[in-house]
Amino acid sequence: MATRRAILWTGVGGVALMGAGLGALLHSDLSEARAPWRAVGAGFGDKRLDALSYAVLAPSPHNMQPWLIALDDDDNALTLYCDLDRRLPETDPQDRQIVIGLGAFLEIMRQAAAEQGYALEVDAFPQGAAAPRLDQRPVATVRFVKDASAAKDPLFAHIPARRTSRVPFDQGRPVSADILKALDSVLRPEDGEFEWANDAENISELKRICRDGWIAEVGAPGPHRESMRLTRIGEKEINAAPDGISLAGPVMEGLHFAGVLTREKMSDPDSVANVETINFYNGLIDSAMAFGWLSTAGNSRTDQLRAGAGWVRLHLAATQRGLSMQPLSQVLQEFSEMAEYYEEIHDFTGIRAPQGPRDGRLQGLFRFGYGATPAPAPRWPLETRLIAADA
Ligand SMILES: Cc1cc2nc3c(=O)[nH]c(=O)nc-3n(C[C@H](O)[C@H](O)[C@H](O)COP(=O)(O)O)c2cc1C
């Protein structure tokens, strides 16, 4: 008798083949959603917009792109806000990951301004920082100061090539300690501390913790509902809303066309779509060739902004060296269903706040390896992120 599992596999295999067969008809044209990657350095006629055209390529949790920018009248300054509607109240209940994304945004803006001969004076949370949730007060005020000696950053050149990698990594290519040390060397003291593991025993334990955390996230009703709400399936949905979790390509379009891959089906834990999603992510975790983690001594809003700078610097340094990187953030998240694994990863790394062996907070956990380069992720165009100065 065929098991239920076998039927699921046969079903998805058949539909995937059909999807691939229809590929010519159903390919995803995401050129609209990817347009901001081609618009960088296009010359907006304003140094701030030129720098911002790079900053919108920053990584952010669930690709939420939580930035809103008000340009000052005097053409040397701007104010950065968080778009409070673009937060993730279920998976990121303290807005910590959202602030990390905003920190990455500021760091890329800084690098792009330096290319034009400007240093940035950044005043973080000038009216105070709200916790545990952000409020409408500014995240930062930023002043562009002409400074011919502003050092250009060698990482800048790699911004357009940076990708979050969601492909399995090559099992024949280990990640050397030398390359992980080279990543560490791009961090400035205020960016946080980077540690890693590339030996079989620690990798195996970290894979187990990450898998457990991933299953806990999928099984947590609130975070799962949030992820479903933010999933965009196929070209039409992605071009209309170039953010969230995007599922694209001939097979995805085929599965969507066949009615196998829909938000409703993914909400059913036993559906083919859900089982395959779980298997897919487990496969990514299992192919890790090394892990790295970024921690900060405290967990203030400013610490989180700085961790965002460190995060994107590590990723750019990896890109520079042809090394792929994917955050695996599940076990660092603060919702109640994750508590056990949150404890476990802090125990494993020896980083704990406030009474543990080492004060601190894990801000990022990443898998590393070598694999195919994915296409750029969708982005909202810069002009959609600008707001009036008195907003
Ligand atoms: C704080 C933070 C947490 C993230 N966590 C994950 C994660 O757990 N898994 C994952 O695949 N990507 C994660 N990402 C990557 C984002 O999904 C990614 O930046 C976004 O989709 C845009 O893609 P890009 O980085 O290729 O430009 C995270 C990014 C940030 C900034």
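Residues numbered from 1 in each chain as written. Predicted model: local features only at pLDDT ≥ 70, side-chain atom pairs only at ≥ 80, totals over all residues.

## Details of the overall build of the protein
To be explicit about the condition: A helix here means a DSSP run of H or I that spans at least four residues, while a strand means a run of E at least two residues long, and both kinds are numbered starting from the N terminus. Only C-alpha atoms enter the radius of gyration; for comparison, a globular chain is expected to reach 2.2 Å times N to the power 0.38, where N is the number of residues. Partly exposed residues are those falling between the two cut-offs: more than 12 but fewer than 20 other C-beta atoms within 10 Å of their own, whereas 20 or more means buried and 12 or fewer means exposed, with C-beta atoms placed from the backbone. Here contacts are defined at the residue level, using C-beta atoms placed from the backbone and a cut-off of 7 Å between them.
Across its full length, the protein carries 14 helices and eleven strands. Against the compact-globule benchmark of 21 Å for 391 residues, the protein has a radius of gyration of 21 Å, which places it among compact chains. Seen through its principal axes, the protein has C-alpha atoms that stretch 75 × 50 × 40 Å. Out of the 391 residues belonging to the protein, those deemed buried represent 42%. When contacts within the protein are restricted to residue pairs at least 6 apart in sequence, long-range pairs at least 24 apart make up 76% of them.

## Some thoughts on the sheet that holds strand S2 (residues 77-82)
Adjacent strands of a sheet form backbone hydrogen bonds with each other and so pair up, either parallel or antiparallel. Where we set the bar: Two strands qualify as a pair provided that DSSP identifies no fewer than 2 bridges between them. Between N-to-C directions, angles cover 0 to 180 degrees, with each direction set by a line fitted to C-alpha atoms, over the stretch in contact for helices.
Reading across from one edge, S3-S4-S2-S1-S11 is the order of the five strands in this open sheet, with mixed pairing throughout. Because the sheet does not close on itself, it has two edges, and the strands there are strand S3 (118-124) and strand S11 (386-387). Of the strand pairs in this sheet, S3 and strand S4 (residues 140-146) are connected by seven bridges, and their pairing is antiparallel. Looking at S4, one finds that Tyr 118 is bridged to Lys 146. The strands that helix H5 (residues 96-115) touches are strand S1 (67-71), S2, S3 and S4; relative to S3, the one it contacts most, it runs at about 155 degrees.

## Thoughts on the site of the ligand
The line we're drawing: Should the C-beta atom of a residue, placed from the backbone, lie within 6 Å of a molecule or strand, that residue is near it. Residues are sorted three ways: Asp, Glu, Lys and Arg are charged, Ala, Val, Leu, Ile, Met, Phe, Trp, Tyr, Cys and Pro are nonpolar, and all the rest, Gly among them, are polar. All domain edges in this entry derive from an automatic or database-based domain assignment.
Taken together, 18 residues surround the ligand, and among them Pro 59, Asn 63, Thr 164, Ser 329 and Ala 377 come closest. Where the shell around the ligand is concerned, the elements lending two or more residues are H5 and strand S9 (324-327). For the shell around the ligand, the leading source of residues is H5, giving four residues. Residues of the shell around the ligand, tallied by class, amount to seven nonpolar, nine polar and two charged. Counting contributing residues, the shell around the ligand receives three or more from each of domain 1 (4-30 + 163-369) and domain 2 (35-160 + 376-387).

## A few points about the domain arrangement of the protein
By domain assignment, the protein separates into domain 1 (4-30 + 163-369) and domain 2 (35-160 + 376-387). Inter-centroid distance (C-alpha atoms) of domain 1 to domain 2 is 23 Å. Between domain 1 and domain 2, the contact holds 36 residues from the first and 36 residues from the second. Those elements that place two or more of their residues in the side of domain 1 that touches domain 2 are helix H8 (221-229), strand S7 (245-247) and helix H13 (301-320). With 16 residues, the single largest contributor to the side of domain 1 that touches domain 2 is H13. A class-by-class count of the residues in the side of domain 1 that touches domain 2 yields 15 nonpolar, 13 polar and eight charged.

## A short note on the environment of Pro 66
Note on placement: Pro 66 falls in the loop between helix H4 (47-55) and S1. When the 27 C-beta atoms within 10 Å are taken as the criterion, Pro 66 is described as buried. Spatially, the C-alpha atom of Pro 66 lies 23 Å from that of Gly 234, the residues being 168 residues apart in sequence. Sequence-distant contacts of Pro 66, defined by excluding residues within four places in its chain, comprise Ser 60, Cys 82, Asp 83, Arg 86, Arg 87, Ile 98, Gly 101 and Leu 102.

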